[in-house]
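Summary of the model geometry
Residues per chain are reported as follows:
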Amino acid sequence: MVRYQLIIEYIGTSFRGWQIQKKGSTIQGLIQQNLTKLLKQKIILNGSGRTDAGVHANAQSAHFDSNIKISDLVKFLKSINYFLNNKGIAITQIKKRGGKFHSRFSAKQRIYKYIIFNQISVPIIERGKGWHVRKILDLDLMKQGAKKLIGTHDYSTFRSSSCHAKSPIRTINSIKIKSSKKKIEIEFKSKSFLQQQVRSMVGCLKYLGEKKWDLKTFEKAFKSKKRALCAPPAPPEGLFLFKVIY
């Protein structure tokens, strides 16, 4: 048995998320189906984590085990991409890995980026790859709010009601906010996140940037641990799984 790691880029717009579901097309399902076809054996693909419907990835990580060794990795990469590229998916790398490697459990850090287009006009070239917010956001206020989210905390306020994680305690190592030409990029780094945690935090930071909330209200919502006090989560099209660090 040989284990392989895949690095995967995809546009999540037309998918029902990463994880295989009973109905609808998913990224995991489509890749797994084509791996099974190419390798002529049943393949189970394990991802580093689930991304929700509409969420994109610059570098999702996944692994699978094969009964046979792939002799030419470059040729295999071209073959698998032939079936995937027109669906909005690309396997950018394939690597042979040891048996102890696990795409999910071996991960040390995950980096997500959220994109906001803070401008009057609708973005055309990058449409569907960010959240269009017309009202000018106060970046300084958003940065002050972001600092309060860093560290080890109970993130129940930002946790989806359908989240199955055993604990709401997580550690966020860093949050970086930068802006260039009306495009705001918010980067979150942590070993793991709760379901909808990033999008929910972005929604609250946006309320802060719009001055719908002040810092006191923002902090009160965070510390309440009550989902009902969270601002509406940011839409999925602005979220990217940027990198998984091992």
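Residues numbered from 1 in each chain as written. Predicted model: local features only at pLDDT ≥ 70, side-chain atom pairs only at ≥ 80, totals over all residues. Heavy atoms only, no water.

Right, let's get into the pattern of salt bridges. Summed over the entire model, instances satisfying the criterion amount to eleven salt bridges. Here Glu-185 and Lys-113 are joined by a salt bridge, their closest N and O atoms 3.3 Å apart. One end of the pair, Glu-185, is in strand 9 (residues 183–190); the other, Lys-113, is in strand 5 (residues 109–118), with 72 residues separating them in the sequence. Glu-185 sits in the buried class, given a relative accessible area of 18%. A salt bridge links Glu-187 to Lys-113, with the nearest nitrogen and oxygen atoms 3.8 Å apart. Taken together, the positions of Glu-187 in strand 9 and Lys-113 in strand 5 put the pair 74 residues apart, joining distant regions of the chain. (Salt bridge = Lys/Arg side-chain N within 4 Å of Asp/Glu carboxyl O. Helix = DSSP H or I, 4+ residues; strand = E, 2+ residues; numbered from the N terminus. Buried < 20%, exposed > 50% of the residue type's maximum accessible area, 1.4 Å probe, protein only.)

On to a nonpolar patch on the surface. A surface patch of nonpolar side chains, amounting to about 340 Å² of accessible area, comprises Val-122, Ile-124 and Ile-125. Relative to the assigned elements, Ile-124 resides in the loop between strand 5 and strand 6 (131–133). (Patch = residues over 30% accessible without salt bridge, like charges linked within 9 Å, V, L, I, M, F, W, Y side chains within 5 Å. Areas by Shrake-Rupley, 256 points an atom, 1.4 Å probe, with all protein chains shown as cover.)

Within this structure, the stated rule accounts for ten aromatic pairs. Consider the rings of Phe-158 and Phe-222, whose centres lie 5.5 Å apart with planes at 35 degrees: the pair is tilted. Remark: Phe-222 occurs in helix 5 (residues 215–224) and Phe-158 occurs in the loop between strand 7 (151–154) and strand 8 (169–180); sequence separation between them is 64 residues. For Phe-222, a relative accessible area of 5% puts it in the buried group. Taken together, Tyr-155, Phe-158 and Phe-222 form an aromatic cluster joined through their ring pairs. Geometry around Tyr-246 places Arg-97 over its ring, the cationic atom sitting 5.9 Å from the centre. (Phe/Tyr/Trp six-rings, centres within 6.5 Å; stacked < 30°, edge-to-face > 60°. Lys NZ or Arg CZ within 6 Å of the ring centre and 35° of its normal.)

Another point: the nonpolar core. The biggest cluster of nonpolar side chains holds 65 residues, and the ones touching the most others in it are Ile-31 and Phe-64. When residues of this core are assigned to their parent elements, the largest contribution, seven residues, is made by helix 4 (residues 197–209). Ignoring sequence-local partners within four residues, the contact set of Phe-64 consists of Val-2, Arg-3, Tyr-4, Leu-6, Leu-35, Leu-39, Ile-43, Ile-44, Leu-45, Ile-70 and Ile-94. (Core = buried A, V, L, I, M, F, W, Y, C linked by side-chain atoms within 4.5 Å. Contact = heavy atoms within 4.5 Å.)

With that settled, consider the pairing of strand 9. Looking along a regular strand, one sees the side chains alternate between the two faces of the sheet. Counting buried residues along strand 9, six of its eight residues qualify, which places the element largely inside the surrounding structure. Judged from the eight bridges that link them, strand 5 and strand 9 form a sheet pairing that is antiparallel. In the strand pairing of strand 9, Lys-113 is matched with Glu-187. Here eight bridges tie strand 8 to strand 9, and the two strands are oriented antiparallel to one another. The partner of Lys-178 across the bridge, within strand 9, is Glu-185. (Pairing = 2+ DSSP bridges.)

Right, let's talk about the pairing of strand 1 (residues 2–10) for a bit. For strand 1, the buried fraction is high: eight of the nine residues fall into the buried class. In terms of strand pairing, strand 1 meets strand 3 (residues 56–66) through eight bridges, oriented antiparallel. Each residue of the ladder has a partner; that of Leu-6, found in strand 3, is Ala-62.

Before going further, it helps to examine unusual backbone geometry. Trans peptide bonds make up the majority, and among non-glycine residues the majority have a negative phi. In this structure, Gln-196 takes a positive phi of about 65 degrees despite not being glycine. Examined against the element boundaries, Gln-196 turns out to sit in the loop between strand 9 and helix 4. Residue Gln-196 is classed as partly exposed on the basis of its relative accessible area, which comes to 23%.

So, about the packing of helix 3 (residues 139–149) against helix 4. Two numbers describe how helix 3 lies on helix 4: the axes approach to 8 Å, and their chain directions differ by 140 degrees. Every pair of crossing elements has a handedness; the one defined by helix 3 and helix 4 is right-handed. Here Leu-141, Met-142, Gly-145, Ala-146 and Leu-149 of helix 3 come into contact with helix 4, specifically with Met-201, Leu-205, Leu-208 and Gly-209. Across the contact of helix 3 with helix 4, the residue classes break down as seven nonpolar, two polar and no charged. (Axes fitted to C-alpha atoms, helices over the stretch in contact; angles between N-to-C directions. Left-handed = near helix turned anticlockwise from the far one by under 90°. Nonpolar A, V, L, I, M, F, W, Y, C, P; charged D, E, K, R; others polar.)

Among the structural elements, Ser-190 can be located in strand 9. For Ser-190, a relative accessible area of 1% translates into the label buried. There is a polar contact of 2.6 Å between the side chain of Ser-190 and the backbone oxygen of Thr-171. Polar contacts involving the side chain of Ser-190 include one to the main-chain carbonyl oxygen of Ser-192, which spans 2.9 Å. Ignoring any residue separated from it by four or fewer positions in sequence, one finds Ser-190 in contact with Gln-109, Arg-110, Thr-171, Ile-172 and Asn-173. (Polar contact = N/O pair within 3.5 Å; in protein donor to acceptor, adjacent residues only side chain to side chain.)

Treat this as a map of the structure, not an account of what it does.
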